[in-house]
Protein chains: 2
Amino acid sequence: MVNFEYYTPTRVVFGKGVEEKVGSLVKEQNGKKVLVHYGGQSAKKSGLLDRVFASLKEAGIEYVELGGVVPNPHLSLVYQGIELCKKEGVDFLLAVGGGSVIDSSKAIAYGVLGGADDVWDYYDGKATAQAALPVGAVLTIAAAGSEMSNSSVITNEKTLIKKGYNHDILGRCRFAVMNPELTLTLPEYQTACGCADIVMHTLERYFTADTTMEITDSIAEALLRTTMENARTLTREPQNYNARAEIMWAGSLSHNGLTGAGGGRGDWATHQLGHELSGLFDLAHGAALTAVWGSWARYVYKQNPARFARLALNVLELPAEGSVEELALAGIEEMENFFWGLDLPISMSEAGLNLDDEKIHELAVRCSFDGKRTVGGFKPLAQQDMEAIYKMAK
Amino acid sequence: MVNFEYYTPTRVVFGKGVEEKVGSLVKEQNGKKVLVHYGGQSAKKSGLLDRVFASLKEAGIEYVELGGVVPNPHLSLVYQGIELCKKEGVDFLLAVGGGSVIDSSKAIAYGVLGGADDVWDYYDGKATAQAALPVGAVLTIAAAGSEMSNSSVITNEKTLIKKGYNHDILGRCRFAVMNPELTLTLPEYQTACGCADIVMHTLERYFTADTTMEITDSIAEALLRTTMENARTLTREPQNYNARAEIMWAGSLSHNGLTGAGGGRGDWATHQLGHELSGLFDLAHGAALTAVWGSWARYVYKQNPARFARLALNVLELPAEGSVEELALAGIEEMENFFWGLDLPISMSEAGLNLDDEKIHELAVRCSFDGKRTVGGFKPLAQQDMEAIYKMAK
């Protein structure tokens, strides 16, 4: 095992009707003027925004609002939010939405108080944020885990570059209000993408080059089994509150560090490969991950076939038959079957992307920063490896 | 499932050599004058205290010290600590030890800033702390989970009454420095008591009257299996660093709310029954729990035999044979075998307590507050139930 830090200061308030507590939660954090940040029309139509506003009013808290966050959230709206916060004297950011809205809120929070002239500098690795406005979240999509994670991912829509910035203290939400009822009406595709993202956040940690802790592995496996089972349930019963709750809590636990404690830095190649797809083609994050995961897995599994075999046995619950290699490959196939069963793509063409070799080369060039970096902790991948994986994922 | 809150703000710094970071961690928390609180001679002899002092000095932090914490920590030392903090202008409490030292530190922290005239009022349910000094921990025993929990248990050594006080915000350590190496030299009995305590913290949550979440149940089961396996390893290989690490991390996760999320209030009768034994007879906490657990389980299992059967299958890994009731009872026996295999008592007489019926009656009177309360969420127990369980546990 590897020395680790674990820091999850976010106060989670979970269950039916909990969004009514949002005003008192902001008050506890000494918020006096809030920017309520959200996405499209669904938060308005569902009445959620009105309930949030009412709760803030009841707590005597002023607010302004900024909607319009899109999946793979745009840098331009972040700039707009920063200006608005400065102009209005906002001292607390309330994200009402999924990971995109929370990530956009975190970026605004860095932008207002971080110290750099341009908020993109943090994402571009050119600066470190010195401070940030506090952020709270009312979660409406179980997926990204941003409500408990230290990370934020933003897309510069002019260059189509998608980059993440992690800050272990400033990047954490003060609270996360999590009512699974709010996810009951999510479209099937969005639910499935969310479940895939949750599974992937644990898989990225599970496949590490380091020796792991058994307690972490067994918790990770329990979480993966539960997530997969409930994801399948939701394809049949999207209105199942308990299944929504299981998935929502799994989303937070999958990305708050628990499922990687002591296991070192994990892999994360699939995320990097997927980021290029969603950045360039605006493909949903979860679908971008499932489109390449199987190809990544077949390309790298020989690095540690026993690890893939363990996944096959303990998560996919395959019988212990055949060689370790056979079991490893059967597990990869079974995981792809799971994604496929959620109607998610397991190749780029299934995701509607029919890319020629030139385009694939461009993806690998971008993902490797023009050959300047490798990605992947389980097996480091150079530009030619990335190109090979993208080709396998055609 | 039941609505829940989950709040674990403690920054965990885990692994080899991490105690050297304690000075910078206190500094991060703006501590300027620290009370270093500890137990007996082992922290001195091992050189740990010297390393802690050196780290504080290097960070430019002043400190005073107060040793002498005993298992089932005494109220009188808490009073002494409060006086010392006030006199010396202490603004940060550093607990170097196990649960007893951390609990004593939390009590001192409440005593200095809580607002009530007598710190015991919080434990006695007569007052709520309004503030507390910040507390950090350097953990040397994996057991109580106090480093991440919201609770503190103190014994009034004059009345032999042992009581807990929980505060979801003020009762949390700011950081927990957890180096499993520090536990390598623990005596066998203390190691075993710690493992039992860890198992019990999850079992108390597992046996609840409420409907649970599958993700929580499966994480709890994973944690129980891992803890039991590594506890067995430590009976043979006390110097096994990895096993010590698994147990240490399990100790924190077992009592930070994770293994009970969404499951309501759990049971906790075994803790209440055990508190009387350790309060009156100064029996180690873990041993007091194992001495009564089996009797509690046999007394209550008919409330929900399927729950006990699930424990038998998923944790004790018994074959799915016989009726649900038979499986439930076989599971209880197997859990007792586990305790017994760690050389822990599974009855009061094995713990050296040969109590007559009068004494047992007194225990039940005390535990039920003279018949004024029931204990236990899985099945509420009145005074006569407690008496019956103590008799079964003779």
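The notes below deal with the structure included here. Given the structure is predicted, the values throughout are model-derived calculations rather than measurements.

What follows deals with the overall build of chain A. The helix and strand inventory of chain A stands at 15 helices and eight strands. Relative to its length of 394 residues, chain A is compact, with a C-alpha radius of gyration of 20 Å against a globular reference of 21 Å. On the principal axes, the C-alpha backbone points of chain A span a range of 65 × 45 × 40 Å. Looking at the 394 residues of chain A, the share that counts as buried comes to 62%. For chain A, contacts bridging at least 24 residues in sequence account for 76% of all contacts bridging at least 6. With an accessible surface of roughly 14400 Å², chain A has 48% of that area assigned to carbon and sulfur atoms. Counting 36 positive and 49 negative side-chain charges, chain A places the centres of these two groups 4 Å from one another.

All names here are of chain A. Counted at 1.5 Å a residue, the expected span for helix H10 (residues 269-281) with its 13 residues is 18 Å, and the 18 Å between its end C-alpha atoms agrees. Of all 13 residues making up H10, eleven are buried, and the element is well covered by its neighbours. Along H10, the residues classified as buried are Ala 269, Thr 270, His 271, Leu 273, Gly 274, His 275, Glu 276, Leu 277, Ser 278, Gly 279 and Leu 280. Backbone geometry just downstream of H10 places Asp 282 in the positive-phi region, at approximately 55°.

Once that is clear, we can look at the relation of the copies chain B and chain A. Each copy of the sequence occupies a distinct position, and chain B is placed on chain A by a rotation of 180° and an axial shift of 0.0 Å, giving an RMSD of 0.0 Å. The symmetry that links the two subunits is that of a two-fold axis. Measuring from the rotation axis to each C-alpha of chain B, the shortest distance belongs to Pro 9 of chain B, at 1.8 Å. A share of 100% of interface residues in chain B that are also interface residues in chain A marks the association as one of identical surfaces.

Below, the discussion takes up the pairing of strand E5 (residues 135-139) of chain A. Residue and element names in this part refer to chain A. Counting buried residues in E5 gives five out of five residues, a clear majority hidden from the surface. Taking every second residue as pointing to the same face, both faces of E5 are buried, with Val 135, Ala 137 and Leu 139 on one and Gly 136 and Val 138 on the other. Relative to E5, strand E4 (residues 92-97) is paired through five bridges, and the arrangement is parallel. Looking at the pairing, Leu 93 lines up with Val 135 of E5.

Before going further, it helps to spend a moment on the interface of chain B and chain A. Taken together, the 38 residues of chain B in the interface contact 38 residues of chain A. Carbon and sulfur atoms make up 58% of the surface buried where chain B meets chain A, a total of about 3300 Å² over both sides. Linking chain B with chain A are four salt bridges. When the shortest N-O distance is used, the salt bridge between Asp 168 of chain A and Arg 11 of chain B registers 3.7 Å. For the side of chain B that touches chain A, the secondary-structure elements that each account for two or more residues are strand E1 (4-14), helix H8 (214-236) and helix H9 (241-254) of chain B. No other element matches E1 of chain B, which puts eleven residues into the side of chain B that touches chain A. Per-class residue counts for the side of chain B that touches chain A are 23 nonpolar, eight polar and seven charged.

Opposite charge on two side chains permits them to pair, given that their charged atoms come into close proximity. Using the criterion set out here, one finds 30 salt bridges over all chains in the structure. Ionic pairing is found between Arg 172 of chain B and Asp 168 of chain B, a salt bridge with its closest N-O pair at 2.4 Å. On the basis of relative accessibility, which here comes to 9%, the residue Arg 172 of chain B falls in the buried class. A relative accessible area of 27% places Asp 168 of chain B in the partly exposed class. A single network of salt bridges, built from pairs that share partners, joins Glu 214, Asp 217, Glu 221, Arg 307 and Arg 310 of chain A.

This part takes up the side chain of Asn 156 of chain B. Looking at the secondary structure, you find Asn 156 of chain B in strand E6 (residues 151-156). Among the polar contacts listed, one links the side chain of Asn 156 of chain B to the backbone nitrogen of Lys 158 of chain B, at a separation of 3.0 Å.

Let us look at the packing of helix H8 (residues 214-236) of chain A against H9 of chain B. Between two packed helices, what matters for the description is the angle formed by their axes and the separation of those axes. Running from N to C, H8 of chain A and H9 of chain B point in directions that differ by 50°, and their axes come no closer than 9 Å. When the interaxial angle is binned, H8 of chain A and H9 of chain B end up oblique. Side by side, H8 of chain A and H9 of chain B meet where Glu 214, Ile 215, Thr 216 and Ile 219 of chain A of the first sit next to Glu 246, Trp 249, Ala 250 and Leu 253 of chain B of the second. Split by residue class, the contact of H8 of chain A with H9 of chain B holds five nonpolar, one polar and two charged.

Okay, unusual backbone geometry next. For Asn 30 of chain A, which is not a glycine, the phi torsion comes out positive at approximately 65°. The residue Asn 30 of chain A is located in the loop between helix H1 (22-28) and strand E2 (33-38) in this model. Asn 30 of chain A gets classed as exposed once you look at its relative accessible area, which sits at 54%. Here Glu 317 of chain B, not a glycine, exhibits a phi torsion of approximately 55°, which is positive. With respect to the helices and strands, the residue Glu 317 of chain B is situated in the loop between helix H12 (305-314) and helix H13 (324-341).

Applying the stated rule across the entire model yields 42 aromatic pairs over all chains. With a centroid separation of 5.5 Å and an interplanar angle of 80°, the aromatic rings of Phe 207 of chain B and Phe 378 of chain B are classed as edge-to-face. Linking Phe 207 of chain B in the loop between helix H7 (188-206) and H8 with Phe 378 of chain B in the loop between helix H14 (357-367) and helix H15 (383-392), this pair joins segments that are 171 residues apart in sequence. The residues Phe 207 of chain B and Phe 378 of chain B share a single accessibility class, namely buried. Considering the side-chain rings of Trp 296 of chain B and Phe 308 of chain B, the 6.0 Å spacing of their centres and the 45° angle between planes classify their relative orientation as tilted. Separated by twelve residues along the polypeptide, Trp 296 of chain B in helix H11 (residues 285-300) and Phe 308 of chain B in helix H12 bring together distant segments of the chain. This pair shows no difference in class: Trp 296 of chain B is buried, exactly as Phe 308 of chain B is. Arg 307 of chain A extends its terminal NZ or CZ atom over the ring of Tyr 206 of chain A, reaching a point 3.9 Å from the ring centre. Taking NZ or CZ as reference, Lys 16 of chain B lies 4.5 Å from the ring centre of Tyr 241 of chain B, over its face.

Moving on, we come to the sheet that holds strand E1 (residues 4-14) of chain A. Reading across from one edge, E3(A)-E2(A)-E4(A)-E5(A)-E8(A)-E1(A)-E1(B)-E8(B)-E5(B)-E4(B)-E2(B)-E3(B) is the order of the twelve strands in this open sheet, with mixed pairing throughout. Either end of the sheet is taken by a strand with one partner, and the two such strands are strand E3 (62-66) of chain A together with strand E3 (62-66) of chain B. Each adjacent strand pair in this sheet contributes to an overall mean axis angle of 25°, direction not counted. Strands in contact with helix H3 (residues 48-58) of chain A are E2, E3, E4 and E5 of chain A; relative to E4 of chain A, the strand with the most contacts, it is inclined by about 155°.

All names here are of chain B. Here H7 crosses H9 at 35°, and the two axes come no closer than 9 Å. As for how H7 packs across H9, the hand of that crossing is left-handed. For the pair H7 and H9, the contacting residues are Thr 191, Cys 195, Ile 198, His 201, Thr 202 and Arg 205 in the first and Arg 244, Ile 247, Ala 250, Gly 251 and Ser 254 in the second. The residue makeup of the contact of H7 with H9, split by class, is four nonpolar, five polar and two charged.

Cut-off values and rules
Residues numbered from 1 in each chain as written. Chains lettered and ligands numbered in written order. Predicted model: local features only at pLDDT ≥ 70, side-chain atom pairs only at ≥ 80, totals over all residues. Heavy atoms only, no water. Helix = DSSP H or I, 4+ residues; strand = E, 2+ residues; numbered from the N terminus. Rg over C-alpha atoms; globule rule 2.2 N^0.38 Å. Buried < 20%, exposed > 50% of the residue type's maximum accessible area, 1.4 Å probe, protein only. Contact = heavy atoms within 4.5 Å. Areas by Shrake-Rupley, 256 points an atom, 1.4 Å probe, with all protein chains shown as cover. Lys, Arg positive; Asp, Glu negative; His and termini not counted. Charge placed at Lys NZ, Arg CZ, Asp CG, Glu CD. Expected span 1.5 Å × (residues − 1). Least-squares fit on C-alpha atoms with pLDDT ≥ 70 in both. Pairing = 2+ DSSP bridges. Buried area = accessible area lost by both parts, 1.4 Å probe. Salt bridge = Lys/Arg side-chain N within 4 Å of Asp/Glu carboxyl O. Nonpolar A, V, L, I, M, F, W, Y, C, P; charged D, E, K, R; others polar. Polar contact = N/O pair within 3.5 Å; in protein donor to acceptor, adjacent residues only side chain to side chain. Axes fitted to C-alpha atoms, helices over the stretch in contact; angles between N-to-C directions. Parallel < 35°, antiparallel > 145°, perpendicular 65-115°, else oblique. Phe/Tyr/Trp six-rings, centres within 6.5 Å; stacked < 30°, edge-to-face > 60°. Lys NZ or Arg CZ within 6 Å of the ring centre and 35° of its normal. Left-handed = near helix turned anticlockwise from the far one by under 90°.

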